[in-house]
Amino acid sequence: MSSFQQLSRRELLKVFTFAGGAMLAGCSDKNPNGTKLTLTQWYHEYGEKGTFQAVQHYAREYSLLNPHIAVRVVWVPGDYGTKLATALLTPDGPDVFEDQLTEAMVSAGQVAPLDDLFTPEDLKDFNAKDIALNSVGGKIYGVKEIDDMQLLYFRKSVLKAAGVKPPTTMDELIAAAHALTTPTRKGIFLGNDGGVTALLTVLPWSAGSDFLVDNRIVFNNPRTVASYEKLLELNQSGSLLMGAPTDWWDPSSLTQGLAAMQWCGLWAYPKIHSILGDDLGAIIWPAFDNAGVPVTSLGGWTAMVNAQRPYVEEAKKFVKWLWIDNLKDQLDWCVGYGFHVPPRLSLAKRAPQLSAPIPAYAVKALGKYGQATPPLWNAAMTSDLTNSLTNIVKLGHNAARSVSNAATQCTRELNRELE
Amino acid sequence: MRARSTQEKIAVVSRYIVLSLLAVIFLLPFYLIVRNALMSDSQITSSHWVWFPVHPHWHNFVSLFHDPDAFMYEGLKNSALIAFGTLILQMLFSSMAGYALARIPMRGSNIIFFLILGTLMIPSAVTFVPTFALMATIGGVNTVWGILTPGVFSAFSIFLFRQFYLRFPDEIEEAGKLDGLGYFGIYWRLLLPNSVSIMMALGILAFVGSWNNFLWPLVIGQDPSAWTVQIVLSTFLTAQTVHLHELFAATAVAVAPLIVIFLFMQRYIMEGAKFSSGKE
Amino acid sequence: MSVTHQNPETRVKERNKSHLRTTLSFWAFMAPALIGLILFMGVPIIWGFLLSLSHAQNTIHFGHFIGIRNYTDLLTDPEFLNSLYTIVIFTLFIVPITFVFSLWLALMVNKVGRGKAFFRTVFFIPTAVSYAAASLIWRMSLFNGTAFGFVNHLTALFGMSPIAWIGTASPPWYWLVLVTVRIWLQVGFYMIIFLAALQEIPHSLYEAAAMDGATGGWQVLRYITLPQLRATSVSILLLCLIAAFQAFDEFYNILGGSGASSGNIGLARPPLVYIYSIALSSQDFGMGAAGGFILTALIVMFTVVQGKLFGFGESREGK
């Protein structure tokens, strides 16, 4: 229980100051019947049908096994990152939530260490990259729920008709997009911001650069600049779809024929495949040039426990039950709706849905070419870099200077974080 | 003489033409809301423009309230609570303070008055970050009362009530005193019943401002159970999947109550608009 | 002051009692509003100032003081300076356009005989619509970038291909979208204020002007109407200026993306949106608070300049 004193003081202040407002609000979110403990769990909105029902089902399952605990699932559409970060500042934030771990969350004491949830066998079975990405200072703060990755989807028949081969370099990709553009269809869709968000980290990676290595900002180099300049070229080419009804994470632009190729997630594979069937082809992002590497970003969502809530132990048990022990629900979550790669290697091998050609290719490619930014990389750095790429692509600023400005800003952020 | 009247006629006719054209443009967004709210997604995105659906999809409104991702019902309920709460509490507290400043002789009351006026100069830009910090500390984040309370206290309303009560005839107040009324009695029995018009004018402005407010509810309402209808609307633009027909149906539902209020209470709203330019 | 009658003590007592009652009444009536204003104006300003001097990453508490580094960091951050530049340009556009358009509308509507109430209502009714709702219509229907956008449908009639109004940087069509939505939303409100002021101009002034031979519309406007509207004009300019500097809603909703996309907000990001993202997305509350003070300083500066140019009149600003 939260300290009675604190509670009563807050209630008192509420009543004293806002008599009217408090009366109107009526129901406070405090749980009045002390018999049942309610854990609040936050998810961002998954786009696929049935996902919300699925997580509610998992929560109910847990309550059946543990009658004294109820799990209230909060489904948050929109700008999840901002909403979650803000809720974590308050005493009434969620008990369990999904997000990507950052060191700032650890140093602010927002997340509880979860090392004791893993048995040595579990640790071996989880994707080592995932464990590393969720560790800070030798402690594990999150359990990866799903691994996400992106693919460049296309219609084989359309490429064939235009005499275009799947691109293997950035220049080929630009040429292909150009060749595939017709008056009623654009060559490629990378998001309504022209690819700024979706390719922010992918492009420099494809050119062999990186962002934050050994506590140093390392992206300020000619390869990053060159890769960003190519996105500008693509944006000016007229073969990019802009202003589509949905953004890059939704495959509608490809399936409705607004664009011939689209950068989208593996999550959308079931939907695209059900519409395009065997005409569907997919590759990960091509190498920038001969000196680059093909790449996809290792994304996904991690379950974490709010260290500032009074029910840390109960929340940890729930996380262990759902995201470490419960293989059945994990499999359902990974391949039952959209497709995601299970972070447990044994599970990834066992899922029959992932053995079709494109998903099998995706799983392998993610293992070999998947890249991610470390926990020290934070939202402010992403926004600095996004500003710089926007300036280059949209406003025509000098690429080298924009990247170097972003590096200055990111270094400043980094120093704040490290001090 | 004759020429002049023709000239005048031309002026009158062309004025009507220009104003009618502008009226069409001003009404266009409303038309688009209604048109799209009654169409299916494929009809809306069709490149072939249809001016009005032959078979209106009234069902869009039903599906809107059944969509588990849309939170429309919660949004409307929260917005109504917040708007009515702001209206009632702001009118009550502001008229009380305005009465005290105008009618209760008190040393130093002028200083208080000028301090209150001074807060008018403070833009919300400077207060929204620390006000959030304050709310987070006292447990107001993700609650309806947390969204509501900061909007209750309006220096502007206090100022206008004070000006209004300053002009209240002394004779009536004296008569009340002779009847044995104290300060509370005078306020309750004499001033309040005579404040209906100013309360309507300012109250509707408070209601509209609160219903349409965006930044503060966005900052405070993280959990969908605390969203206002404006946040629900905004979320349609940022959600993973976009249901265009629901988006427009939701817009229609969110806008309709205020349109009704505006049409029926136009007189008071115009009164309020005049107040806000500093005219009394 | 002199007490000449009998029973002086009772009178003094009574006077003290009534004095006490007055004092108590005054504070009782003032209390709710005063406490509220102190809590939601006074406290945040002090808290905000202390935050702005602190390193407050992922926390809302001040204490880790770092001097004025938040201010210097912001003032050397090209994106923040860019946002200040953006809002100044926006304001310089929107304020004169709104002013002239609403004045012109008021003059036109005022001259109309039959149908006056209709036109007044039509131009005023958009005031009922929120920025969020209007942004949604502008973005998803009116100025949508695909062929089903209304304006694109109209231009298609002239054989033009669809224009991505919101995502294109050159030409910067998005300004057209942002400016029209604000004008649609606010021009009716200011028109009503002008209409009210127009009705207060004494008829005798116009009659006198007609006698003096000032028959042309322009002369009457210039020498009678405009000077009579001076006070109203000044307060409208002020209201409009302060509102424009704090623009947030339409930028956030029209240009914004979501968690998985930055959208097009990088094209034109007003300071309030930038401050919001520093404080709430990047969770740097110290820098967010500092940004609020810098923006306020800018608003005060422009208000003073405008006041010097046009006079403060007898105007009072609203919120």
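Residues numbered from 1 in each chain as written. Chains lettered and ligands numbered in written order. Predicted model: local features only at pLDDT ≥ 70, side-chain atom pairs only at ≥ 80, totals over all residues.

1. Focus on the nonpolar core
- In terms of nonpolar packing, the biggest core is built from 306 residues, with Tyr153(A), Val319(A), Ala250(B), Met191(C) and Phe251(C) touching the most fellow members.
- In this view, Ala250(B) contacts Leu64(B), Ala70(B), Met72(B), Val232(B), Leu233(B) and Phe236(B); residues no more than four positions away in its chain are not counted. (Core = buried A, V, L, I, M, F, W, Y, C linked by C-beta atoms within 7 Å. Buried ≥ 20, exposed ≤ 12 C-beta atoms within 10 Å, placed from the backbone. Contact = placed C-beta atoms within 7 Å.)

2. What about the interface of chain A and chain C?
- Counting from both sides, the interface comprises 39 residues of chain A and, opposite them, 34 residues of chain C.
- Residue assignment for the side of chain A that touches chain C shows that the elements contributing at least two residues are α4 (80–87), α5 (103–107), α18 (379–393) and α19 (399–418) of chain A.
- Ranked by residues supplied to the side of chain A that touches chain C, first place goes to α18(A) with six residues.
- When its residues are assigned to classes, the side of chain A that touches chain C shows 15 nonpolar, 18 polar and six charged. (Helix = DSSP H or I, 4+ residues; strand = E, 2+ residues; numbered from the N terminus. Nonpolar A, V, L, I, M, F, W, Y, C, P; charged D, E, K, R; others polar.)

3. What about the interface of chain C and chain B?
- Across the contact, 78 residues belong to chain C and 74 residues belong to chain B.
- For the side of chain C that touches chain B, the leading source of residues is helix α1 (residues 8–52) of chain C, giving 18 residues.
- Taken together, the residues that form the side of chain C that touches chain B break down as 52 nonpolar, 20 polar and six charged.

4. Here's the deal with the packing of helix α12 (residues 271–281) of chain C against helix α13 (residues 285–310) of chain C
All names here are of chain C.
- At a minimum axis distance of 7 Å, the contact between α12 and α13 shows a crossing angle of 165°. Relative to α13, α12 is oriented roughly antiparallel. As for the relative orientation of α12 and α13, their crossing is left-handed in sense. Here Pro271, Leu272, Tyr274, Ile275, Ile278 and Ala279 of α12 lie close against α13, whose contacting residues are Phe285, Met287, Gly288, Gly291, Gly292 and Leu295.
- Classifying every residue of the contact of α12 with α13 by side-chain character gives nine nonpolar, three polar and no charged. (Axes fitted to C-alpha atoms, helices over the stretch in contact; angles between N-to-C directions. Parallel < 35°, antiparallel > 145°, perpendicular 65-115°, else oblique. Left-handed = near helix turned anticlockwise from the far one by under 90°.)

5. Some details on the confidence of the model for chain B
- Taken over all residues, the pLDDT of chain B has a mean of 90, while the share at 70 or more is 97%.
- Confidence, read as mean pLDDT per element, is least for helix α15 (residues 266–276) of chain B in chain B (79) and greatest for helix α4 (residues 72–103) of chain B (96). (pLDDT = per-residue confidence, 0-100.)

6. What about the environment of Ile224(C)?
All names here are of chain C.
- Examined against the element boundaries, isoleucine 224 turns out to sit in helix α9 (residues 217–228).
- Sequence spacing of isoleucine 224 and glycine 67 is 157 residues, and the spatial spacing of their C-alpha atoms is 55 Å.
- Once you skip the residues sitting within four places of it in the chain, isoleucine 224 turns out to touch Leu205, Tyr206 and Ala209.

7. Thoughts on the domain arrangement of chain C
- For chain C, the assigned domains are domain 1 (1–52) and domain 2 (69–310).
- Between domain 1 of chain C and domain 2 of chain C, the C-alpha centre-to-centre distance is 43 Å. (Domains from an automatic or database assignment.)

8. Observations regarding the sheet that holds strand β11 (residues 259–265) of chain A
Residue and element names in this part refer to chain A.
- In space, the four strands of this open sheet follow the order β8-β11-β7-β12, with mixed pairing throughout. Sheet topology places β8 (186–189) and β12 (280–283) at the edges, where each strand pairs with a single neighbour. Shown here is a sheet whose adjacent strand axes are inclined to one another by a mean of 20°, direction ignored.
- Direction of pairing for strand β7 (residues 150–155) relative to β12: antiparallel, over a ladder of four bridges. From the neighbouring strand, leucine 152 faces β12, where its bridge partner is isoleucine 283.
- Sitting on the sheet, helix α9 (residues 170–180) is in contact with β8 and β11, with an inclination near 130° to β8. (Pairing = 2+ DSSP bridges.)

9. A few points about the packing of helix α6 (residues 124–137) of chain B against α13(C)
- Taken N-terminus to C-terminus, the directions of α6(B) and α13(C) make an angle of 155°; their axes are 7 Å apart at the nearest point. Taken together, the axis directions place α6(B) and α13(C) in an arrangement best described as roughly antiparallel. Considering only the axes of α6(B) and α13(C), their crossing is left-handed. Across the interface between the two elements, Ala125(B), Val126(B), Val129(B), Pro130(B) and Ala133(B) of α6(B) pack against Phe285(C), Gly288(C), Ala289(C), Gly292(C), Phe293(C), Leu295(C) and Thr296(C) of α13(C).
- The residue makeup of the contact of α6(B) with α13(C), split by class, is nine nonpolar, three polar and no charged.

10. Concerning the domain arrangement of chain B
- Entries for chain B in the domain assignment read domain 1 (2–63) and domain 2 (64–276).
- Each partner contributes residues to the interface: domain 1 of chain B has 14 residues there, and domain 2 of chain B has 13 residues.

11. A short note on unusual backbone geometry
- Phi at Asp214(A) takes a positive value of approximately 50°, unusual for a residue other than glycine.
- Its place among the elements puts Asp214(A) in the loop between β9 (212–213) and β10 (216–217).
- The phi dihedral of Gln283(C) falls on the positive side, at around 60°, and the residue is not glycine.
- Relative to the assigned elements, Gln283(C) resides in the loop between α12 and α13.

12. Some remarks on the sheet that holds strand β2 (residues 69–76) of chain A
Residues and elements named next belong to chain A.
- Within the open sheet, the five strands sit side by side as β2-β1-β3-β14-β6. Their pairing is mixed. Looking along the sheet, the strands with just one partner apiece sit at the ends: β2 and β6 (143–148). On average, adjacent strands in this sheet sit at an angle of 20° to one another, irrespective of strand direction.
- Inspection of the sheet shows strand β1 (residues 37–44) paired to β2 by eight bridges, in the parallel sense. Bridge pairing links leucine 39 to valine 71 in β2.
- Sheet strands in contact with helix α3 (residues 51–65) are β1 and β2, and its direction is about 165° off that of β2.

13. Concerning the environment of Tyr43(A)
Residue and element names in this part refer to chain A.
- Mapping tyrosine 43 onto the fold places it in strand β1.
- When the C-alpha positions of tyrosine 43 and valine 74 are compared, they lie 6.3 Å apart, and in sequence the two are 31 residues distant.
- Beyond its immediate chain neighbours, meaning those up to four positions away, tyrosine 43 contacts Val55, Val73, Trp75, Val76 and Glu98.

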